[in-house]
Amino acid sequence: MQDKKVLTAYFSWGGNTKFIAEKIQSTIGGDIFRIETAVPYPADYNETAYGVAKKQHEENIKPALKENKDVSSHDIVFVGTPAWWYTMAPVVKTFLSENNFEGKIIVPFITHGGGGKYTIADDMGKLAKGSKVLAPFVVYERGNLQTDNELEKWLQTIINW
């Protein structure tokens, strides 16, 4: 992996995905990029989850990005998202749709509040055409006492891939 340029890109509303993204980036190095909406989500969880995010999911809205990160110089892109409404956060769909991932490796990591990984990794592959999507790291919220070990083991499989 030393000869590969790595990016860790993530969206985090409540901080859980950011927490995991920072652990990944501090372990493997490379660049880090926070995916953000041009119009921030509300600070209130219910307003975000059951209002804005639900509407975006139901209407397949891809919200505008605050800024985009050019991924062309990266070989491997770790993409982090919370699981919202059975899939990735809508802004992550925007990020994947607005970049060229042809020939790149995407490594998903997913935080959730009890629902699990759903089909997020497959969905990422559909949006990031021409990429190879590896098995995701999936964690409930920020994880537990075993999360650091599980993350380290998962990263070893990526590094040795």
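Please refer to the structure placed before this passage.
Remember, it's a predicted structure, so these values are computed and weren't measured experimentally.

Peer 1: Explanation requested: the overall build of the protein chain in the structure shown.
Peer 2: Within the protein chain, the regular secondary structure consists of five helices and seven strands. Put simply, the protein chain runs from its N terminus to its C terminus through helices and strands in the order β-α-β-α-β-β-α-β-α-β-β-α. Taken over C-alpha atoms, the radius of gyration comes to 15 Å for the protein chain, in line with the 15 Å a tight globule of 161 residues would show. Reported as C-alpha extents along the three principal axes, the dimensions of the protein chain are approximately 45 × 35 × 25 Å. Sorting the 161 residues of the protein chain into buried and exposed places 44% on the buried side. Within the protein chain, residue pairs in contact and separated by at least 24 positions form 79% of the contacts whose partners lie at least 6 positions apart. Of the roughly 8,400 Å² of accessible surface on the protein chain, a fraction of 47% belongs to carbon and sulfur atoms. Considering the protein chain, the positive charge centre built from 18 side chains and the negative charge centre built from 19 side chains are found 2 Å apart.

Peer 1: I would appreciate a short explanation of the pattern of salt bridges in the present structure.
Peer 2: Tallied over the full model, the rule gives five salt bridges. Across the pair lysine 55 and glutamate 59 runs a salt bridge, and its minimum N-O distance is 3.5 Å. Since its relative accessible area comes to 44%, lysine 55 is described here as partly exposed. Judged by its relative accessible area of 48%, glutamate 59 is partly exposed.

Peer 1: When you look at the nonpolar core in this model, what are you seeing that I'm missing?
Peer 2: A general tendency of soluble globular proteins is for nonpolar side chains to be buried together. Among the nonpolar cores identified, the biggest contains 25 residues, and Phe11, Ile35, Val92, Phe95, Leu96, Phe101 and Met124 are the most heavily contacted of them. When contributions to this core are tallied by element, the ones reaching two or more residues are β1 (6-10), β3 (76-84), α3 (90-97), β5 (105-112) and α4 (120-127). With 18 residues, the next largest nonpolar core counts Val6, Ile76, Leu151 and Leu155 among its residues.

Peer 1: Looking at this structure, I do not really get the layout of surface pockets. What am I missing?
Peer 2: Any empty space left between the atoms is revealed when a probe the size of a water molecule rolls over them. Counted as a void, the largest pocket has a volume near 510 Å³. Along its surface, the largest pocket is lined by 22 residues, and Tyr45, Pro82, Ala83, Trp84 and Gly113 are the ones closest to its centre. When residues of the lining of the largest pocket are traced back to their parent elements, those giving at least two are α1 (16-28), α2 (45-58), β3 and β5. Ranked by residues supplied to the lining of the largest pocket, first place goes to α2 with four residues. Here the second largest pocket is characterised by a volume of approximately 170 Å³. Around the second largest pocket sit Phe11, Ser12, Trp13, Arg34, Glu36, Thr37, Ala38, Pro40, Tyr41 and Lys66, which together line it. Looking at the lining of the second largest pocket, its residues break down into five nonpolar, two polar and three charged.

Quick notes on the rules
Residues numbered from 1 in each chain as written. Predicted model: local features only at pLDDT ≥ 70, side-chain atom pairs only at ≥ 80, totals over all residues. Heavy atoms only, no water. Helix = DSSP H or I, 4+ residues; strand = E, 2+ residues; numbered from the N terminus. Rg over C-alpha atoms; globule rule 2.2 N^0.38 Å. Buried < 20%, exposed > 50% of the residue type's maximum accessible area, 1.4 Å probe, protein only. Contact = heavy atoms within 4.5 Å. Areas by Shrake-Rupley, 256 points an atom, 1.4 Å probe, with all protein chains shown as cover. Lys, Arg positive; Asp, Glu negative; His and termini not counted. Charge placed at Lys NZ, Arg CZ, Asp CG, Glu CD. Salt bridge = Lys/Arg side-chain N within 4 Å of Asp/Glu carboxyl O. Core = buried A, V, L, I, M, F, W, Y, C linked by side-chain atoms within 4.5 Å. 1 Å grid on protein atoms, 1.4 Å probe; cavity = no way out; pocket = protein on both sides within 12 Å on 5 of 7 lines; lining within 4 Å. Points joined across faces, edges and corners; volume = space filled by probe spheres on them. Nonpolar A, V, L, I, M, F, W, Y, C, P; charged D, E, K, R; others polar.

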